[in-house]
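Residues per chain are reported as follows:
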Amino acid sequence: MSGHGPRTWQQCDACGATHDELMAATRCPACNGLLAVRHAPSAHGAAELRRLFAEPCCARPGPLASGVWRFKELVLPTATAPVSHPEGNTPLLERPAVSAFSGVADLRLKHEGHNPTGSFKDRGMTVGVTQAVRVGATAVACASTGNTSASLAAYAAQAGLKALVFVPRDGIALGKLAQSLAYGARTLLVRGNFDDCLRLVEEASRELGVYLVNSINPFRLEGQKTIVLELLQQLGWEAPDWIAVPAGNLGNTAAFGKALVEAHALGLIDRIPRIAAVQAAGAAPFALGFAEGFAHRHTVKPETVATAIKIGDPASWDRAVRTMIDTRGVVLGVPDGEILEAKAVIDASGVGCEPASAASVAGVRRLVEAGVIEREARVVAVLTGHVLKDPGILLEYHREQEPAPPRANRPVEIEPALAAVEAVLRS
Ligand code: F0G
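Structure report, in brief. Keep in mind it's a predicted model, so treat the numbers as computed, not measured.

### Some words on the pattern of salt bridges
- Scanning the entire structure with this criterion turns up 31 salt bridges.
- For Glu21, the salt bridge is made with Arg134, and the minimal N-O distance between the two is 3.1 Å. Residue Glu21 is found in the loop between strand 2 (18–20) and strand 3 (35–39), and its partner Arg134 is found in helix 4 (residues 121–134); the two are separated by 113 residues along the sequence.
- Several salt bridges share partner residues, and in doing so they unite Arg70, Lys110, Glu112, Arg123 and Glu230 into one network.

### With respect to the site of the ligand
- Residues in contact with the ligand amount to 20 residues; listed here are only the nearest, Ser144, Gly248, Asn249, Leu250 and Thr384.
- At a separation of 2.8 Å, an oxygen atom of the ligand approaches a polar backbone atom of Thr148.
- Here an oxygen atom of the ligand and a backbone polar atom of Leu250 are 2.8 Å apart.
- When the ligand is considered free in solution it has 470 Å² of accessible area, and contact with the protein chains removes 99% of it.
- Secondary structure elements with two or more residues in the shell around the ligand: helix 5 (147–159) and helix 9 (251–265).
- Among the residues forming the shell around the ligand, the class breakdown is 8 nonpolar, 10 polar and 2 charged.

### Quick look at a nonpolar patch on the surface
- Together, Val412, Ile414, Leu418, Val421, Val424 and Leu425 make up an exposed nonpolar region whose accessible area comes to about 590 Å².
- Inspection of the secondary structure puts Ile414 in the loop between helix 14 (391–400) and helix 15 (418–426).
- The exposure class of Ile414 is partly exposed, given its relative accessible area of 43%.

### Structural notes on helix 13 (residues 355–369)
- In a regular helix each residue adds 1.5 Å, so 15 residues correspond to 21 Å; helix 13 covers 21 Å between its end C-alpha atoms and thus fits that length.
- Within helix 13, 12 of the 15 residues are buried, leaving the element largely enclosed by the surrounding structure.
- Positive backbone phi, at 80°, marks Gly371, one or two positions downstream of helix 13.

### What to know about unusual backbone geometry
- Geometrically, the link from His85 to Pro86 is a cis peptide bond, its omega value of 10° lying close to zero.
- Position of Pro86 among the secondary structure elements: in the loop between helix 2 (72–75) and strand 4 (92–93).
- Look at the link from Glu402 to Pro403: it is a cis peptide, with omega at -5°.
- Relative to the helices and strands, Pro403 is located in the loop between helix 14 and helix 15.
- The phi torsion at Phe294 lies on the positive side, around 55°, for a residue other than glycine.
- Within the secondary structure layout, Phe294 lies in the loop between helix 10 (285–291) and helix 11 (317–326).
- Non-glycine residue Arg328 carries a positive phi angle of around 50°.
- In this fold, Arg328 is placed in the loop between helix 11 and strand 12 (330–334).

### A look at the environment of Ala315
- Inspection of the secondary structure assignment puts Ala315 in the loop between helix 10 and helix 11.
- Given a relative accessible area of 10%, Ala315 falls into the buried group.
- Beyond its immediate stretch of four places on either side in the chain, Ala315 contacts Leu34, Leu198, Ile216, Asn249 and Arg297.

### Concerning the pairing of strand 8 (residues 186–190)
- Two strands pair when backbone bridges link them, and strand 7 (residues 162–168) and strand 8 are joined in this way by 5 bridges, in the parallel orientation. Note on strand 8: the bridge partner recorded for Val167 is Leu189.

### Concerning the environment of Ala358
- With respect to the helices and strands, the residue Ala358 is situated in helix 13.
- Residue classification places Ala358 among the buried residues on the basis of a relative accessible area of 0%.
- Taking the C-alpha atoms as reference points, Ala358 and Thr384, separated by 26 residues in sequence, lie 8.4 Å from one another.

### Here's the deal with the sheet that holds strand 2
- With antiparallel pairing, 3 strands are arranged side by side in an open sheet as 2-1-3. Edge strands, defined here as strands with exactly one partner in the open sheet, are strand 2 and strand 3. Averaged over all neighbouring strand pairs, the angle between strand axes comes to 35°, with direction disregarded.
- Bridge count between strand 1 (residues 8–12) and strand 3: 5 bridges; the pairing is antiparallel. Residue pairing in the sheet places Trp9 in a bridge with Arg38 of strand 3.

### Observations regarding the side chain of Ser215
- For Ser215, the location among the structural elements is in the loop between strand 9 (211–212) and helix 8 (218–234).
- Apart from the residues within four sequence positions on either side, Ser215 is in contact with Arg220, Leu221, Asn249, Gly251, Ser316 and Arg319.

### With respect to the pairing of strand 7
- Here strand 7 lies mainly inside the structure; 5 of its 7 residues are buried.
- Where strand 6 (residues 139–143) lies against strand 7, 5 bridges are found, and the strand directions are parallel. Paired with Ala141 across the bridge in strand 7 is Leu164.
- Each parallel crossover has a hand, and the one from strand 6 via helix 5 to strand 7 is right-handed.
- In this region the chain leaves strand 7, passes through helix 6 (residues 174–182) and returns to the parallel neighbour strand 8; the handedness of that crossover is right-handed.

### Thoughts on the sheet that holds strand 6
- In space, the 4 strands of this open sheet follow the order 8-7-6-9, with parallel pairing throughout. Two strands close off the open sheet at either side, each with one partner strand: strand 8 and strand 9.
- Seen against the sheet, helix 7 (residues 194–208) touches strand 6, strand 7, strand 8 and strand 9 and runs at an angle of roughly 150° to strand 7.

### Digging into the packing of aromatic side chains
- Scanning the model with the defined rule gives 6 aromatic pairs in all.
- Judged by centre distance (6.4 Å) and plane angle (85°), the rings of Phe294 and Trp317 are edge-to-face. With Phe294 in the loop between helix 10 and helix 11 and Trp317 in helix 11, this residue pair connects regions lying 23 residues apart in the sequence. Of the two residues, Phe294 and Trp317, both sit in the buried class.
- Every member of this aromatic cluster is reached through a ring pair, and the members are Phe286, Phe290, Phe294 and Trp317.
- A cation sits over an aromatic face here: Arg365 above Phe101, 4.0 Å from the ring centre.

Rules of the game
- Residues numbered from 1 in each chain as written.
- Predicted model: local features only at pLDDT ≥ 70, side-chain atom pairs only at ≥ 80, totals over all residues.
- Heavy atoms only, no water.
- Salt bridge = Lys/Arg side-chain N within 4 Å of Asp/Glu carboxyl O.
- Helix = DSSP H or I, 4+ residues; strand = E, 2+ residues; numbered from the N terminus.
- Near = heavy atom within 4 Å.
- Polar contact = N/O pair within 3.5 Å; in protein donor to acceptor, adjacent residues only side chain to side chain.
- Areas by Shrake-Rupley, 256 points an atom, 1.4 Å probe, with all protein chains shown as cover.
- Nonpolar A, V, L, I, M, F, W, Y, C, P; charged D, E, K, R; others polar.
- Patch = residues over 30% accessible without salt bridge, like charges linked within 9 Å, V, L, I, M, F, W, Y side chains within 5 Å.
- Buried < 20%, exposed > 50% of the residue type's maximum accessible area, 1.4 Å probe, protein only.
- Expected span 1.5 Å × (residues − 1).
- Contact = heavy atoms within 4.5 Å.
- Pairing = 2+ DSSP bridges.
- Axes fitted to C-alpha atoms, helices over the stretch in contact; angles between N-to-C directions.
- Right-handed = clockwise from strand over helix to strand, strands pointing away.
- Phe/Tyr/Trp six-rings, centres within 6.5 Å; stacked < 30°, edge-to-face > 60°.
- Lys NZ or Arg CZ within 6 Å of the ring centre and 35° of its normal.

Shown next, in the form of structure tokens:
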């Protein structure tokens, strides 16, 4: 599509059919393939885009202050009334203790836990719910391990849409379930795992006409691209060597590849960083696929303490394979023990994150030890969710586990007397 065609449209990844940008189906009606959002090339060159993106946020009206919508040109240029909290504008942090642990001196942490509902999901959700309004939906739904549902609940409330969320009854972290209830979503505790929830919600949206905002929905991915755009901007558009990201349903992995390819084509960056997609070893079907050159699609019965990424049949598989090819990426699985150790280091540095998020740092450490990432490399590890998302696992780690893990910070119970405080200070 060129000059006189539409500004934005949807295209099937599988059969190539194109569809109107306002088509509400989240899979290709012709072949059931996954869709991508495509935009006509921006009329602005790289320098003009950089200038546009760099306008001070406080000088921008309303949603354009958002760390998603200030990239509107590359996200959804046709949107006129974004449903925005606002979101994004998250920090890129450096902490010597985390760098030392990872083995990379130049390690930055892109902390997506600083989003309004505490995870990166808000970046995709502001676009997904904006699109829901544009297509005239009255009800929205998702399956979730907890963060997507928390985010959807908040944005649906803001937009005045009914929200229906499907979460696994066992294993959703406390903070996430609490958020979904607080923001007013109809919350279905499914007796099954995330993969069961996703199957069910896809069926429900097809049969019952509810707009689906899982990361199958390509508009979600357009929003999630801004994690990468924003971190590149924070690095002065000097691409890092590696970006490490926790991987579950593979929506983010797919969005990152799309963002990098587009940013490179636009001349915003002059080379494409490599992506390290890090799964929990007990839920690592994509790592199995990577190990054999993606000859087969794998599914597993997922088991991990990192409940956010406890997924055995990732929906965005094919899109994520594309990312791996486009970025010369690597995929690995890290054991729960290493995820929790990385988390304890990130937490004790004062930064904090939820278990799944720490997989990125645990993955960097492994790749450094294996000689895949060089110690001199410039690396960004994405922390996907806030430390308060999963208080249950924290209390278990610090207070209950026997014997105490090496980094446990046991609370001390005392009598209400100064002598007791003194004794603690002396010990
Ligand atoms: N980190 C966190 C904190 C997550 O919540 C998720 C996914 C991921 C990483 C993995 O991202 O699925 O795009 O590969 N959470 C989804 C949810 C599944 O329902 O909240 P992905």
